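# Descriptive analysis of the structure
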Amino acid sequence: MNYFMPHSPAESSRPLAITTVPSPRPHISLVAPCYNEEAVLPELYQRCTRTLTEVTGGDYELILINDGSTDATWPMIHKLAEGDPHLVGVDLSRNFGHQRALTAGLSMARGEAIFVIDADLQDPPELLGEMLRLLNSGADVVYGQRLSREAESRFKRWSAAAFYRLLAWLSEVDIPHDTGDFRLMRRPVVEALLAMPEYHRFVRGMVAWLGFKQLPLRYHREKRFAGVTKYPLRRMLRLAADAITSFSIAPLRVSTYFGFLFSGFALLSLFYILGSWLFFNAAPGWTSLMVLTAIIGGVQLIAVGIMGEYLGRIYLEVKRRPNFIIREITSVHPLTPSSGGENGDGG
Ligand code: UDP
Ligand code: MG
């Protein structure tokens with residue numbers, strides 16, 4: 001659940017506290033989550049503003065979400081917003097992580113189409129025009145698919161390739177390979193996405209799950225413009241675990257497979273044990289016993305661990321905590337009541 005859940009029944013049945021008249025929908029909303037991105041922010045702002053102005057003729061909003069940065073990201077966004085009515089700065093109350101920061105941005109977006117990019121300019125905002133053409137050719141979602149990732153480390157490329165293939169094998173939803181969150185979505189898709197309340201969010205997988213008509217746009221992924229990656233190995237593993245547990249229960253079945261395997265093995269060894277008891281002098285067999293105990297112990301611990309991963313996630317889901325909490329919104333034009341305001345559910 002979002003703190004500002006745009007279409008929750010509770011929200012719509014309650015009288016709205018905001019009385020301002022909502023401004024009409026802009027053509028495009030650009031959403032970029034930012035975590036310690038002070039080094040890229042000026043360039044990001046400039047390139048996005050230029051492209052958006054060119055493509056929409058000025059009918060756009062630029063939403064920058066500060067995901068609990070510890071550098072000057074928020075003061076910079078705030079300052080830019082003071083001089084630009086197109087810019088909506090959203091400050092989260094702490095670091096909620098990329099996927100939840102992105103969700104916060106999507107819940108603020110009012111545009112007819114919503115364009116998502118990474119703040120570090122690895123996904124060129126200039127591709128908006130092309131994506132819009134594809135969208136207008138009859139698609140609901142146009143997602144960026146990476147043709148090359150030369151700019152990224154060999155380890156990152158290798159691990160990403162392995163991860164997407166494993167995910168495809170494990171899950172029933174066709175999640176396109178080599179994509180990120182770089183995409184242009186029509187408003188109904190975003191609204192459907194926001195209606196999915198889960199806490200563990202793997203947004204690109206959720207969009208794939210939604211269906212609709214989705215088209216790829218192949219592009220070359222660039223180097224980070226400045227700063228360092230905000231996805232160290234630990235976070236990458238967490239995203240991968242969220243993706244797999246959100247989209248597949250196959251790992252839970254692993255213990256069943258191993259159970260059958262070892263039962264078969266035990267049955268075969270039963271013949272051997274009986275045979276040696278009947279026809280030979282049964283040797284003490286300490287070694288085989290130890291090996292079997294160790295293997296079965298290991299497999300059991302893995303199975304219990306996998307169940308623990310799911311159980312922990314179920315625990316976090318049932319608490320139904322908000323996905324993010326907004327501390328401040330800078331906006332000179334009134335926001336539509338459905339997309340925010342300081343009078344959320346509380347929380
Ligand atoms: N990001 C975020 N919160 C986080 C981590 C990352 O909002 O806790 C943002 C980050 O500012 C960037 C995007 O998510 O806009 C992707 O992060 P990054 O470029 O560091 O990841 P990489 O491209 O190296 O996978
Ligand atoms: Mg990046």
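Residues numbered from 1 in each chain as written. Chains lettered and ligands numbered in written order. Predicted model: local features only at pLDDT ≥ 70, side-chain atom pairs only at ≥ 80, totals over all residues. Heavy atoms only, no water.

All of the buried residues along helix H7 (residues 187-194) are Arg187, Val189, Val190, Leu193 and Leu194. Taken around the axis of H7, the buried residues stretch over an arc of 160°, which confines them to a single face. (Buried < 20%, exposed > 50% of the residue type's maximum accessible area, 1.4 Å probe, protein only. Helix = DSSP H or I, 4+ residues; strand = E, 2+ residues; numbered from the N terminus. Arc of directions from axis to C-beta.)

Looking now at the coordination of the magnesium ion (ligand 2). Every protein donor of the magnesium ion (ligand 2) is accounted for by Asp120 (OD) and Gln122 (OE1), and the metal-donor separations fall at 1.9 to 2.0 Å. For the pair Asp120 and Gln122, a shared accessibility class is recorded, and that class is buried. (Donors = N, O, S within 2.8 Å, 3.2 Å for Na, K, Ca; no water.)

A general feature of soluble globular proteins is that nonpolar side chains tend to end up buried together. Leu92 and Leu106 are the most contacted members of the largest nonpolar core, which has 42 residues in total. Aside from chain neighbours lying at most four places away, what touches Leu92 is Ile65, Asn66, Asp67, Gly68, Ala101, Ala104, Phe324, Ile325, Ile326 and Arg327. Ranked by size, the runner-up nonpolar core spans 32 residues in total, among them Leu64, Phe115, Leu127 and Val142. (Core = buried A, V, L, I, M, F, W, Y, C linked by side-chain atoms within 4.5 Å. Contact = heavy atoms within 4.5 Å.)

So, on to the state of the cysteines. Under the criterion given, the structure shown has zero disulfides. In this structure Cys34 is a free cysteine whose sulfur lies 9.2 Å from that of Cys48, the closest cysteine sulfur available. Residue classification places Cys34 among the buried positions, given a relative accessible area of 0%. The class for Cys48 is buried, based on a relative accessible area of 0%. (Disulfide = S-S within 2.5 Å.)

With that settled, the discussion passes to the pattern of salt bridges. The full count for this structure, using the stated rule, is 14 salt bridges. As a salt-bridge pair, Asp118 and Arg221 come within 3.2 Å of each other at their nearest N and O atoms. With Asp118 in the loop between strand S4 (113-116) and helix H5 (128-136) and Arg221 in the loop between strand S7 (214-220) and helix H9 (233-247), this pair connects stretches of sequence that are 103 residues apart. You can call Asp118 buried: its relative accessible area is 17%. The exposure class of Arg221 is buried, given its relative accessible area of 8%. One salt bridge connects Glu191 with Arg187, and the closest N-O pair in it is separated by 2.9 Å. With a gap of four residues between them, Glu191 and Arg187 both fall in helix H7, about one helical turn apart. By relative accessible area, Glu191 is classed as partly exposed at 27%. For Arg187, a relative accessible area of 13% translates into the label buried. (Salt bridge = Lys/Arg side-chain N within 4 Å of Asp/Glu carboxyl O.)

A few words now on the site of ligand 1. Taken together, the neighbourhood of ligand 1 is formed by 19 residues, with Glu37, Asp120, Thr229, Lys230 and Arg235 sitting nearest. Pro33 places a polar main-chain atom, nitrogen or oxygen, 2.8 Å from an oxygen atom of ligand 1. Across the complex, the protein chains shield 95% of the 530 Å² of accessible surface that ligand 1 would expose by itself. Here the residues of the shell around ligand 1 sort into five nonpolar, five polar and nine charged. (Near = heavy atom within 4 Å. Polar contact = N/O pair within 3.5 Å; in protein donor to acceptor, adjacent residues only side chain to side chain. Areas by Shrake-Rupley, 256 points an atom, 1.4 Å probe, with all protein chains shown as cover. Nonpolar A, V, L, I, M, F, W, Y, C, P; charged D, E, K, R; others polar.)

Next up on the list: the pairing of S4. Looking along a regular strand, one sees the side chains alternate between the two faces of the sheet. The two faces of S4 match: Ala113 and Phe115 on one face and Ile114 and Val116 on the other face are all buried. Across four bridges, strand S1 (residues 28-34) lies against S4 in parallel orientation. Across the sheet, Val31 pairs through a bridge with Val116, a residue of S4. Two elements, S4 and strand S6 (residues 179-186), share four bridges in a ladder whose sense is antiparallel. What sits directly across from Val116, in S6, is Arg183. (Pairing = 2+ DSSP bridges.)

Moving on to unusual backbone geometry. At Asn36, a position not held by glycine, the phi torsion is positive, near 50°. Examined against the element boundaries, Asn36 turns out to sit in the loop between S1 and helix H2 (41-56). For Phe212, which is not glycine, the phi dihedral falls at a positive 65°. By the element assignment, Phe212 lies in the loop between helix H8 (203-210) and S7. Judged by relative accessible area, which is 43%, Phe212 ranks as partly exposed.

Going through the model one piece at a time under the given rule, you end up with five aromatic pairs. Taking the centre distance of 6.4 Å and the plane angle of 70° together, the rings of Phe202 and Phe247 count as edge-to-face. With a gap of 45 residues between them, Phe202 in the loop between H7 and H8 and Phe247 in helix H9 connect regions that are remote in the sequence. According to the relative accessible area criterion, Phe202 is buried, its value standing at 1%. (Phe/Tyr/Trp six-rings, centres within 6.5 Å; stacked < 30°, edge-to-face > 60°.)

Looking now at the sheet that holds strand S5 (residues 141-148). Within a sheet, adjacent strands bond to each other through the backbone by hydrogen bonds, running parallel or antiparallel. On the basis of which strands lie adjacent, the open sheet formed by eight strands has the order S7-S5-S6-S4-S1-S2-S3-S8 and mixed pairing. With one partner strand each, in any of the chains shown, S7 and strand S8 (326-330) form the two edges of the open sheet. Within this sheet the neighbouring strands show an average axis-to-axis angle of 20°, counted without direction. By the bridge criterion, five bridges tie strand S2 (residues 60-66) to strand S3 (residues 87-92) in an arrangement that is parallel. Residue pairing for S3: Ile65 is matched across the bridge by Val90. Sitting on the sheet, H8 touches S5, S6 and S7, and the angle it makes with S6 is about 45°. (Axes fitted to C-alpha atoms, helices over the stretch in contact; angles between N-to-C directions.)

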